[in-house]
Amino acid sequence: MKYAVVTGTSKGLGESIAKLLMQASFHVIGIARNGNKQLENADYPGAYTHFAGDLSNIEQTTEVFNQIIKNLKQQKNIESLHLVQNAALIHPIEQAGKQEPTLIEKHMRVNLVTPMMITNQWLDAWRDSSFPLVMVNVTSGAADRNVYGWTAYGASKAGLNRYTRTVALEQEELQTGNKVFLFDPSIMDTDMQGEIRSSEPSQFIEVEQFKNYKTNNKLRSTDVVAKVLVDRLLDEENIKNGEYYSVKDIF
Ligand SMILES: NC(=O)c1ccc[n+]([C@@H]2O[C@H](COP(=O)([O-])OP(=O)(O)OC[C@H]3O[C@@H](n4cnc5c(N)ncnc54)[C@H](OP(=O)(O)O)[C@@H]3O)[C@@H](O)[C@H]2O)c1
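Note that the coordinates shown come from a computational prediction; the quantities given were computed from them, not determined experimentally.

Trainee: Give me the lowdown on the packing of helix 3 (residues 58–73) against helix 4 (residues 101–125), citing residues and values where you can.
Mentor: Orientation of helix 3 relative to helix 4, taken along the N-to-C sense of each, is 30°, at an axis distance of 11 Å. Where helix 3 crosses over helix 4, the handedness of that crossing is right-handed. Facing helix 3, whose interface residues are Ile 58, Thr 61, Thr 62, Phe 65, Asn 66, Ile 69, Leu 72 and Lys 73, helix 4 presents Arg 109, Val 113, Thr 114, Met 117, Ile 118, Gln 121, Trp 122 and Ala 125. Broken down by class, the residue content of the contact of helix 3 with helix 4 amounts to 9 nonpolar, 5 polar and 2 charged.

In structure tokens:
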């Protein structure tokens, strides 16, 4: 059996990734605060198991992953094990100096600290496994671009990029066969984009341009973007450790 753990499966890109993996016969284990009835009730070759968890809560996340790892270790037939860290938030959308401190902390936990902790826990748990691990972290072009109002988002995604590339370097040096790469989905039609459009120009200077993306149908559908990610994920031999892979490389 092929297994994939995907964070942020209640909606958006994570839901589409889970769906495509299930269609490819994966047993998907999804994590988000909200469940996903469509995935749970879907009639695909692969199954779906949901774990409700708040990824801004470090203790809860560690416990959820302990449980997931324990359940997986009871399976004797693991052919492959993929980890997709997709969950993230965009808020605070606000200039530095006007942000809610607790929101900054929550943002950095969900977008950076938690993915680092999960990666650490995952590599430790499967150190002696017979199959190589494939991990992908979902990033954003905002990691390499200064965007007025997205200080936290740019910082968390830039940190995620450096972290991912450094883990890749270590896994290469250690010759584990494990691979980790970055995926940039570019702009997609999700709730996150709705949150961006609802900000004030004083908070996010580019808001009019993002409203135009929606009006002019420039936002890709999550199913289209997820297919690019999943195709890459399943082409294990050709994944380069630490590579930055963008949907824009395809179309
Ligand atoms: N949308 C874009 O245009 C765009 C562009 C570039 C990069 N990205 C990246 O693509 C990825 C997916 O974005 P999206 O647009 O699909 O976002 P979305 O529609 O807002 O969905 C975010 C997902 O993350 C989960 N999540 C958020 N906070 C969480 C928390 N505290 N605990 C557990 N789960 C949490 C949400 O689940 P719950 O709310 O149920 O917990 C949801 O399933 C993100 O990494 C984002 O940075 C998006």
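Don't stop here, the text continues.
Trainee: Give a detailed account of the site of the ligand, specifying residues and quantitative values.
Mentor: Taken together, 30 residues form the shell around the ligand, and within it Arg 33, Asn 86, Tyr 153, Thr 190 and Gln 193 come nearest. Taking Tyr 153, its side chain carries an N or O atom lying 2.6 Å from an oxygen atom of the ligand. At a separation of 2.5 Å, an oxygen atom of the ligand approaches a polar side-chain atom of Thr 190. Relative to its unbound accessible surface of 890 Å², the ligand loses 96% to contact with the protein. Every element with two or more residues in the shell around the ligand is listed here: helix 1 (12–23), helix 5 (151–174) and helix 6 (191–197). For the shell around the ligand, the element with the highest residue contribution is helix 6, accounting for 3 residues. Taken together, the residues of the shell around the ligand sort by class into 12 nonpolar, 13 polar and 5 charged.

Trainee: Which residues make up a nonpolar patch on the surface, and what values do they have?
Mentor: Taken together, the side chains of Val 224, Ile 250 and Phe 251 define a hydrophobic patch exposed on the protein surface, amounting to about 270 Å² of accessible area. If you trace the backbone, Phe 251 turns up in the segment after strand 7 (244–246). The exposure class of Phe 251 is partly exposed, given its relative accessible area of 43%.

Trainee: Please provide a residue-by-residue account of the packing of helix 1 against helix 8 (residues 222–234), values included.
Mentor: The contact between helix 1 and helix 8 brings their axes to 8 Å, and the two run at 55°. In terms of axis orientation, helix 1 runs oblique to helix 8. Of the two elements, helix 1 crosses helix 8, and the hand of that crossing is right-handed. Of the residues in helix 8, those touching helix 1 at Gly 12, Leu 13, Ser 16, Ile 17, Lys 19, Leu 20 and Leu 21 are Thr 222, Asp 223, Val 225, Ala 226, Lys 227, Leu 229, Val 230, Leu 233 and Leu 234.

Trainee: Any details on the environment of Lys 37? Residues and values, ideally.
Mentor: Within the fold, Lys 37 resides in helix 2 (residues 37–41). A residue is classified by how much of its surface remains accessible, and Lys 37, at 59% relative accessible area, is exposed. Between the alpha carbons of Lys 37 and Ser 10 there is a distance of 8.7 Å; along the sequence they are 27 residues apart.

Trainee: Tell me about the packing of aromatic side chains, residues and numbers included.
Mentor: To describe a pair of aromatic rings, you give the distance between the ring centres and the angle between the ring planes. Per the stated rule, a full pass over the model turns up 9 aromatic pairs. Aromatic side chains Trp 122 and Trp 126 sit 5.8 Å apart centroid to centroid with 70° between the ring planes, which places their arrangement in the edge-to-face category. Judged by its relative accessible area of 7%, Trp 126 falls in the buried class. Relative to Phe 131, the ring of Trp 126 lies with its centre 5.7 Å away and its plane at 50°, an arrangement referred to as tilted.

Parameters and conventions
- Residues numbered from 1 in each chain as written.
- Predicted model: local features only at pLDDT ≥ 70, side-chain atom pairs only at ≥ 80, totals over all residues.
- Heavy atoms only, no water.
- Axes fitted to C-alpha atoms, helices over the stretch in contact; angles between N-to-C directions.
- Helix = DSSP H or I, 4+ residues; strand = E, 2+ residues; numbered from the N terminus.
- Left-handed = near helix turned anticlockwise from the far one by under 90°.
- Contact = heavy atoms within 4.5 Å.
- Nonpolar A, V, L, I, M, F, W, Y, C, P; charged D, E, K, R; others polar.
- Near = heavy atom within 4 Å.
- Polar contact = N/O pair within 3.5 Å; in protein donor to acceptor, adjacent residues only side chain to side chain.
- Areas by Shrake-Rupley, 256 points an atom, 1.4 Å probe, with all protein chains shown as cover.
- Patch = residues over 30% accessible without salt bridge, like charges linked within 9 Å, V, L, I, M, F, W, Y side chains within 5 Å.
- Salt bridge = Lys/Arg side-chain N within 4 Å of Asp/Glu carboxyl O.
- Buried < 20%, exposed > 50% of the residue type's maximum accessible area, 1.4 Å probe, protein only.
- Parallel < 35°, antiparallel > 145°, perpendicular 65-115°, else oblique.
- Phe/Tyr/Trp six-rings, centres within 6.5 Å; stacked < 30°, edge-to-face > 60°.

Limitation: the analysis is restricted to geometry and does not speak to function.
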